[in-house]
Amino acid sequence: MDCVFCKIAKKEIPAELAMETESLMAFKDIRPSAPVHYLVIPKEHIQSIAHLEGNHKELLAGLIYAAKDLAAKFDLKGYKLVFNVGREGGQVIDHLHLHLLGGWPQP
Ligand code: AMP
Ligand code: ZN
């Protein structure tokens, strides 16, 4: 399958990794929309939040916990966690990913 995030998961194309477990990985977004912008993905190919099944609950919780741990690692005081879902929702890459966005100067 021609999926860029599956290729990153299989280390067929490079990414700036921040975290990796048996089931997920986190890497720097190539075109950051915030001073700190990482993507957390399951290694398994799941198209989007809309394609989750009942047996994915633990995996989904794992993505959120990984983002929380990364935010702590980067000492982010506040941050946004975003799932874009479908084209109308701004999803461009059809492999489930959680955006971790932060690092803006304090207001
Ligand atoms: P989305 O619009 O939610 O599908 O977001 C896809 C994100 O993936 C965008 O923020 C892109 O900058 C990012 N992206 C695309 N290709 C790569 C890549 N090879 N490595 C890292 N990030 C990527
Ligand atoms: Zn994929």
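Residues numbered from 1 in each chain as written. Chains lettered and ligands numbered in written order. Predicted model: local features only at pLDDT ≥ 70, side-chain atom pairs only at ≥ 80, totals over all residues. Heavy atoms only, no water.

### Quick notes on the packing of aromatic side chains
As a reminder of what qualifies: Centres within 6.5 Å are what make two rings of Phe, Tyr or Trp a pair, Trp counting through its six-membered ring; a difference in plane orientation under 30 degrees is then read as stacked, over 60 as edge-to-face, and the rest as tilted. Starting at the N terminus, helices and strands are each numbered in turn, a helix being any DSSP run of H or I of at least four residues and a strand any DSSP run of E of at least two. Only protein chains enter the accessibility calculation, which uses a 1.4 Å probe; a residue whose area is less than 20% of its type maximum is buried, one above 50% is exposed, and one in between is partly exposed.
Scanning the model with the defined rule gives 2 aromatic pairs in all. Both rings, one in Phe5 and one in Phe27, keep their centres 5.3 Å apart while their planes meet at 75°; by these two values the pair is edge-to-face. You can see Phe5 sitting in helix 1 (residues 4–9) and its partner Phe27 sitting in strand 2 (residues 24–28), a full 22 residues away along the chain. Classification of Phe27 as buried rests on a relative accessible area of 3%.

### Observations regarding the side chain of Asp29
For the record, the criterion: His is not counted here, nor are the chain ends, while Lys and Arg score as positive and Asp and Glu score as negative. Counted as salt bridges are all cases of a side-chain nitrogen of Lys or Arg within 4 Å of a carboxyl oxygen of Asp or Glu. Residues adjacent in sequence count toward polar contacts only when both atoms are side-chain atoms; beyond that, a polar contact is any pair of N or O atoms within 3.5 Å, and within protein one must be able to donate a hydrogen and the other to accept it. Here, residues are in contact when the closest pair of their heavy atoms is within 4.5 Å.
With respect to the secondary-structure elements, Asp29 resides in the loop between strand 2 and strand 3 (36–42). For the buried Asp29, no salt bridge exists, and the shortest N-O distance to an oppositely charged side chain is 6.2 Å, to Arg31. Within the local environment of Asp29, its side chain forms a polar contact with the backbone nitrogen of Arg31, the two atoms lying 2.8 Å apart. Not counting the four nearest positions on each side in its chain, Asp29 is found in contact with His37, Tyr38, Leu39 and His99.

### Focus on the coordination of the zinc ion (ligand 2)
Tetrahedral metal sites with four donors have an ideal angle of 109.5 degrees; octahedral sites with six donors have ideal angles of 90 or 180 degrees. Rules: The donor definition counts N, O and S atoms within 2.8 Å of each metal and applies 3.2 Å to Na, K and Ca; water is not among these atoms, so some sites may look incomplete.
Protein coordination at the zinc ion (ligand 2): the donors are Cys3 (SG), Cys6 (SG), His45 (ND1) and His95 (ND1), at 2.0 to 2.3 Å from the metal. Site description for the zinc ion (ligand 2): donor spacing in sequence, C-x2-C-x38-H-x49-H. Here His95 lies in the loop between strand 4 (79–82) and strand 5 (98–102) and Cys6 lies in helix 1, a separation of 89 residues in the sequence. You'll find Cys6 and His95 in the same group, each marked buried.

### Focus: the environment of Asp94
Along the polypeptide, Asp94 turns up in the loop between strand 4 and strand 5. Leave out the neighbours within four places in its chain, and Asp94 touches His45, Ile46, Gln47 and Arg87.

### Quick word on unusual backbone geometry
Negative phi characterises most residues that are not glycine, and trans characterises most peptide bonds. Positive phi, normally seen in glycine, also occurs at Lys11, with a value near 60°. Within the secondary structure layout, Lys11 lies in the loop between helix 1 and strand 1 (17–20). By relative accessible area, Lys11 is classed as exposed at 51%. Positive phi is not limited to glycine here, since Asp75 has a value of about 60°. Secondary-structure assignment places Asp75 in the loop between helix 2 (57–73) and strand 4. Here Asp75 falls in the exposed class, since its relative accessible area comes to 54%.

### Topic: the site of ligand 1
The following threshold applies: Any residue with a non-hydrogen atom lying within 4 Å of a molecule or strand is treated as near it. Using a 1.4 Å probe, accessible areas were evaluated by the Shrake-Rupley method; residue-level cover was limited to the displayed protein chains. Just so you know the grouping, Ala, Val, Leu, Ile, Met, Phe, Trp, Tyr, Cys and Pro go in nonpolar, Asp, Glu, Lys and Arg go in charged, and all remaining residues, Gly too, go in polar.
The full set close to ligand 1 counts 16 residues, and Asp29, Gly90, Val92, His97 and His99 are the nearest of them. One of the side-chain N or O atoms of Asn84 is found 2.9 Å from an oxygen atom in ligand 1. Across the complex, the protein chains shield 86% of the 510 Å² of accessible surface that ligand 1 would expose by itself. Looking at the shell around ligand 1, the elements with two or more residues in it are helix 1 and strand 2. Per-element tally for the shell around ligand 1: the top contributor is helix 1, with 3 residues. When grouped by side-chain class, the residues that make up the shell around ligand 1 number 8 nonpolar, 5 polar and 3 charged.

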